[in-house]
Amino acid sequence: MTEETKHIEEKRTSESKLSKEDSILYLENVKKSFGSKTILKDINLAVKKKETISVLGKSGTGKSVILKCIIGLIKPDFGEIYAFNEEMTTMNRSQLEGIRRRFGFLFQGGALYDSMTVRQNLKFPLERQPNQISESEMEEKAENVLREVSLLDEIDKMPSELSGGMQKRIALARTLILNPEIILYDEPTTGLDPATSKEISELIVKMQEKFDVTSIVVTHDMPCAKIVSTRIKILKDGIFYKEGTFDELEKSDDDFVKGFFEFY
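Bear in mind the structure is a predicted one, so any value in this text is a computation, not a measurement.

Moving on, we come to the pairing of strand β8 (residues 214-218). Taken across its 5 residues, β8 has 5 buried, putting it largely inside the fold. Judged from the 4 bridges that link them, strand β3 (residues 52-57) and β8 form a sheet pairing that is parallel. Bridging from a neighbouring strand, V55 pairs with V218 of β8. By the bridge criterion, 5 bridges tie strand β7 (residues 182-186) to β8 in an arrangement that is parallel. By the bridge assignment, I182 is partnered in β8 with T214. Chirality of the crossover, the property in question, places the unit of β7, helix α7 (residues 194-211) and β8 among those that are right-handed.

Here's what the structure looks like:
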């Protein structure tokens, strides 16, 4: 058995301890290539409700591809993805849109609409829901989520008037406004100074605890990973190479794993 095959079998055994039925999110043998380049070789992941899983890996190794496969923006070449005990990869467009409403996705850059005020940005996803609510209800929801991220006073500002940290908070508020059960974070602290990164990381934990959200956080920010993570998965060569708590992995003798903690 090669070292790579050994790691794959170890990960499958670890994930199999948590069944599809026990998992809010479950990935089995997920593979994805772009042309001749294989990005995801054999991804297996089981996530319990209320867990926060951080995914670490070198740049360009497929961390964000995993998130996009989960949410259905990219279709895997092989494998199955279950959310809420429903198999997503075989869903038609209507079914996929329905289950996506139970997810939140926080994009790396925040993805706020530059031409809209904070208020308009927050109301935008509500206006596009099939079960339309009243204008007053939308206003109330917008104000409530802004209170959660301590930015109610910024409700009528434009994104360009806000700092990078404020924009991240608004993006998180916009994600929370639809009451998602699972939130996918793509590099939530990128471009922020260490103090603001810590604030965003602590806010992620606060929202997880208050709203019982399950989260997957793709990050290269080790302080963020330490603050938010229930477990950490390390991606290498298209598989989850190692997993554990922050403290467990920090003590690892594996040279590849040690590289992530070297400058922490």
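Attention shifts here to the pairing of β7. Counting buried residues in β7 gives 5 out of 5 residues, a clear majority hidden from the surface. Here β7 shows two buried faces, one formed by I182, L184 and D186 and the other by I183 and Y185. As judged from the 4 bridges shared by strand β6 (residues 103-106) and β7, these two strands associate in the parallel manner. Note on β7: the bridge partner recorded for L106 is Y185.

Right, let's get into the sheet that holds β7. With mixed pairing, 6 strands are arranged side by side in an open sheet as β6-β7-β8-β3-β9-β10. The outermost strands of the open sheet, each flanked by one partner alone, are β6 and β10 (239-244). Ignoring which end each strand starts from, the neighbouring axes of this sheet average 20 degrees apart. Of the strand pairs in this sheet, strand β9 (residues 231-236) and β10 are connected by 5 bridges, and their pairing is antiparallel. What sits directly across from K236, in β10, is I239. Contacting β3, β6, β7, β8, β9 and β10, helix α2 (residues 63-71) runs over the sheet at an angle of about 150 degrees to β7.

This part takes up the pattern of salt bridges. Throughout the structure, instances matching the rule amount to 19 salt bridges. Here D212 ties to K50 by a salt bridge, and the two come within 3.8 Å at their closest N and O atoms. With D212 in the loop between α7 and β8 and K50 in the loop between β2 (37-47) and β3, this residue pair connects regions lying 162 residues apart in the sequence. Here K50 falls in the partly exposed class, since its relative accessible area comes to 42%.

Let us now look at the nonpolar core. Ranked by internal contacts, the top residues of the largest apolar core, which has 33 residues, are L25, L27, F103, L184 and I216. No other element matches the 6 residues that α2 contributes to this core. Leave out the neighbours within four places in its chain, and L27 touches I43, N44, L45, I66, I70, E80 and I81. In this structure, L122, I170, A171 and I183 belong to the second largest nonpolar core, which totals 30 residues.

Analysis parameters
Residues numbered from 1 in each chain as written. Predicted model: local features only at pLDDT ≥ 70, side-chain atom pairs only at ≥ 80, totals over all residues. Heavy atoms only, no water. Buried < 20%, exposed > 50% of the residue type's maximum accessible area, 1.4 Å probe, protein only. Helix = DSSP H or I, 4+ residues; strand = E, 2+ residues; numbered from the N terminus. Pairing = 2+ DSSP bridges. Right-handed = clockwise from strand over helix to strand, strands pointing away. Axes fitted to C-alpha atoms, helices over the stretch in contact; angles between N-to-C directions. Contact = heavy atoms within 4.5 Å. Salt bridge = Lys/Arg side-chain N within 4 Å of Asp/Glu carboxyl O. Core = buried A, V, L, I, M, F, W, Y, C linked by side-chain atoms within 4.5 Å.

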